[in-house]
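# Understanding the architecture of this molecule
These are the residues of each chain, in order.
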Amino acid sequence: MQLVTAARVFVLVALVAPFARADTSFVSKVQVYADSDHTTVVSPVVSAAADVAPNTSVSLGYLADVVTSASVDVVTQASKTTIHDTRHQVTIGGSHTFDTLMVRAGYLFSKENDYLSHTFNAGLEKQLDDKNTTLGIGYNLSLNTVGRADDQNFNRSLDVHSISAAWTQVINERTIAQLSYELGYESGYQASPYRFVPVRMSIDAAPEFWVPETDPDSRWRQAAVIGLNRAVGEASSVQADYRFYTDDWGITSHTLGARYFVSLSHNLELRLRERFYTQGAASFYQDNYSSVTRYITYDRELSPLWSETFGVKLDYMLTTHLEGELKADLFYYSYSDFAPLTSRTGTNVGLGLTLKY
Amino acid sequence: MRSISVGVAISLGLAATAAHAFPTGEQFDGDPVTTDGAGGIAFDGAPRWTSHTCAVCHTDPPGIIGLGIEADHQELFSTGWAANQQYHLRVVMTREHEGVQYASLGDVCGSQLMPYKPCDDNGFALELDDDSGNPTGKFVPVVSGACAAAGAMIPPDVDAYILKDGTAAVHNGAHHAQIQWDVCWTAPAAGAGTITAYVAAVDGNGGDGTANFPNDTLGDDVAFGAVPLAEAGAAPPPAENGGCNATGDASLATGALVLAAFALLRRRRRSQLALLLAIASLAGCVHVRPRQRATLAERKMVFAPDPQEDELDLHMQEAREGSSGGYGSSGGGCGCN
């Protein structure tokens, strides 16, 4: 007898969601970033989440960025040629579900040698049409204090507001789409306190003098993302998304992302991903300033650039409740109009463990 | 992929609590009060039982196992079921992970052994209902690889037990460590329309490894779903109610619309974009019911399956690119000075 497979479905927790269940997880990861611009960032992360009541969950997390850098930024503007800094970040959050409405709120605290940040966020998600449609809105407020190492008198503020909206739509039993939009407004100091801009007659000439980088004090940002997830066969899926971004500094960017998930065995999953990014320059960016202008920058992130990232990740179910992961990303950045650095390559590798009950 | 249904039961339970499962098929027919049975309910997710599944008792399943239905006639799942045709069906459980340490014992386990050895007990339930939610067709067990003839003597070690009222098939419980079960089903007469197979399975963990708790309902895994089967020669199953109808491959249509959106954005024709996006979801979607979301519930279908990784990646990208936003805010400091 030849039997033909009709349906193979891996039923996850969402299918038993009507039944109250405790869901507790503990995540521990470390990610190491290293690039050809002599920058290394080691980022350990630990986080925990738990359902404290049938409709209420809380989460707590800690993240650190341990930075060592001798990039062209550092070399060109400071007496020290290598910096060491550590950023600490603590997050706390909670959510509660009222039937088809979910309310969430969170707080994030971040501190490093020369930067202090308090971020508050809140949001609502409403499920409609028998959960075929989910609409979400959110608000984010980040209050930042920018300092400068070894300079007690340097103290600037930066406030960031953003509102976002998302629409997630089930297209069919194997396809889901999402459209999101975010509007952000930044007010305050947005330059680098360490970055000085050479003023010279030509890009090959010796600088006549250096002036502090000066960016506009306000910035409106807009970003829209459309994404599509599609199951392929019985053990794989393809995800694709596109982001359009624009701001009133004149930067426009396009981001294309694609991910492919495939189950190699009952406890091993492979993810391949690809990301392409391209942006134009800010309106006030110049590769060389022959005179001092109102806004003047030496920031390559405001120059025209493109980047390419390819990554591989393996998730392995060690036991029913314990999952390990290993990932490696390779990336390349190209700067067509930034003389000190024309390209940057690097890797981003990580490993992690997730314990879930 | 369509979906699945639910069902199952395994375990056995000597515990004095109410958390007993059904190691044998007969217990599904047992009186709930006097024999701790199921009262004729298969718990396969069928609407007539308000979609209750084995997850009612086998709570907190990790959701790792998968579930499938196979048939000897491929067209059952393509062109549809044929009137009065008998189908040899096989319910297959994949990714078994509970109680597998006892699987090698096979049937050499249980309380008849001294010392006691736990069993790897799994189970299933299957029911096929018409559009009105009423069971339809006729089940018979598989005997020696073939569908049992009418009136034939049924040996005690077949895979499937047919409930007394004939409405569902469940595991017989004669053997342990089973991950697939065969049963035959004869389709009804023509005109019944779309039939839905509700199927479920339980991956039992063998209790706590002692004779005292061999088959409680805790620590097991569960899968369930529903598979719509069209009637051969009839119109395809109607789109489910929900205000939108599927025409062709919705995902392909949406993909084309994504590209069109990209083009409009480049031309800064934003008003047309809004209209386009509205069409994108309304033109190509169907109403997907909860029991049909097995695939959508998988991690690989989640837009942000790893928030910690996303946070790290977004923070890195936002520090090295001129853009930010749209995917959710990473917030919090710079890490890039």
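## Points about the overall build of chain B
Within chain B one finds 4 helices and 10 strands. Helices and strands in chain B line up, N terminus first, as α-β-β-β-β-β-β-β-β-β-β-α-α-α. In chain B, the proportion of contacts linking residues at least 24 apart, taken out of those at least 6 apart, comes to 71%.

## Structural notes on the overall build of chain A
Tallying secondary structure elements over chain A gives 1 helix and 19 strands in all. When the 357 residues of chain A are sorted by exposure, 34% land in the buried category. In chain A, once contacts between residues fewer than 6 apart in sequence are set aside, the share between residues at least 24 apart is 50%.

## Here we look at unusual backbone geometry
A cis geometry characterises the amide bond from Met114(B) onward to Pro115(B), with omega recorded as 0°. Turning to its location among the elements, Pro115(B) is positioned in the loop between strand 2 (86-94) and strand 3 (122-129). Not every positive phi belongs to a glycine, and Asp99(A) is a case in point at roughly 55°. Inspection of the secondary structure puts Asp99(A) in the loop between strand 5 (83-98) and strand 6 (101-112).

## Here we look at the pairing of strand 14 (residues 236-247) of chain A
Residue and element names in this part refer to chain A. Bridge count between strand 13 (residues 218-232) and strand 14: 12 bridges; the pairing is antiparallel. Of the residues in strand 14, the one forming a bridge with Gly227 is Asp241. Linking strand 13 back to strand 14 in an antiparallel pair, the connection comprises 3 residues, with Gly233 at a positive phi of about 65°. Counting the residues between successive antiparallel strands, the hairpin from strand 14 to strand 15 (residues 252-265) contains 4 residues, one of them, Gly250, with a positive phi of roughly 100°.

## Remarks on the environment of Val91(B)
All names here are of chain B. Tracing the chain through its elements places Val91 in strand 2. A tally of 31 C-beta atoms within 10 Å means that Val91 is categorised as buried. Here the alpha-carbon distance between Val91 and Val199, two residues 108 residues apart in the chain, equals 8.0 Å.

## Brief notes about the confidence of the model for chain A
Within chain A, residue pLDDT values average 89, and 91% of them lie at 70 or more. Counting contacts from residues 1-22 of chain A, a segment whose pLDDT is below 50, to residues more than four positions away or on other chains yields 77 contacts.

## What to know about the nonpolar core
Core analysis: the largest hydrophobic core is formed by 57 residues, its most contacted members being Val170(B) and Val199(B). Core analysis: the next-biggest nonpolar cluster, separate from the first, contains 9 residues, Ile171(A), Leu228(A), Ala231(A) and Leu296(B) among them.

## A look at the pairing of strand 18 (residues 322-335) of chain A
Two faces belong to every sheet, and in a regular strand the side chains alternate between them. Residue and element names in this part refer to chain A. As defined by bridge partners, strand 17 (residues 305-317) adjoins strand 18 across 13 bridges and the pair is classed as antiparallel. Pairing of Val312 across the sheet is with Ala328, part of strand 18. Between strand 17 and the antiparallel strand that follows it, strand 18, lie 4 residues. Pairing of strand 18 with strand 19 (residues 343-356) involves 13 bridges; the strand directions are antiparallel. Its bridge partner lying in strand 19, Glu323 is registered against Thr354.

## Some details on the sheet that holds strand 3 of chain B
Residues and elements named next belong to chain B. Pairing is antiparallel across the open sheet formed by 5 strands, whose spatial order is 6-7-3-9-10. Sheet topology places strand 6 (160-162) and strand 10 (221-229) at the edges, where each strand pairs with a single neighbour. When the angles between neighbouring strand axes are averaged without regard to direction, this sheet yields 15°. In this structure, strand 9 (residues 195-203) lies alongside strand 10, joined through 9 bridges in antiparallel fashion. In the sheet register, Ala201 faces strand 10, and the bridge partner there is Ala223.

## Some remarks on helix 4 (residues 307-320) of chain B
The first and last C-alpha atoms of helix 4 of chain B sit 20 Å apart over 14 residues, in line with the 20 Å expected at 1.5 Å per residue. Along helix 4 of chain B, the residues classified as buried are Gln308(B), Glu309(B), Glu311(B), Leu312(B), Asp313(B), His315(B), Met316(B), Glu318(B) and Arg320(B). Residues of helix 4 of chain B that are buried make contact with strand 2 (24-35) and strand 3 (39-53) of chain A.

## Regarding the environment of Tyr33(A)
The topology assignment puts Tyr33(A) in strand 2. Given 22 C-beta atoms within 10 Å, Tyr33(A) falls into the buried group. C-alpha separation for the pair Tyr33(A) and Val349(A), spaced 316 residues apart in sequence, amounts to 6.6 Å. When neighbours within four sequence positions are excluded, Tyr33(A) is seen to be in contact with Thr40(A), Val41(A), Gly346(A), Asn348(A) and Met316(B).

## Points about the confidence of the model for chain B
Residues and elements named next belong to chain B. Scored by pLDDT, chain B comes out at a mean of 76, with 74% of its residues at no less than 70. Every residue in residues 329-337 is under pLDDT 50, and counting partners more than four places away or in other chains gives 34 contacts. Here the predicted complex carries an ipTM of 0.88, next to a pTM of 0.63.

Parameters and conventions
- Residues numbered from 1 in each chain as written.
- Chains lettered and ligands numbered in written order.
- Predicted model: local features only at pLDDT ≥ 70, side-chain atom pairs only at ≥ 80, totals over all residues.
- Helix = DSSP H or I, 4+ residues; strand = E, 2+ residues; numbered from the N terminus.
- Contact = placed C-beta atoms within 7 Å.
- Buried ≥ 20, exposed ≤ 12 C-beta atoms within 10 Å, placed from the backbone.
- Pairing = 2+ DSSP bridges.
- pLDDT = per-residue confidence, 0-100.
- Core = buried A, V, L, I, M, F, W, Y, C linked by C-beta atoms within 7 Å.
- Axes fitted to C-alpha atoms, helices over the stretch in contact; angles between N-to-C directions.
- Expected span 1.5 Å × (residues − 1).

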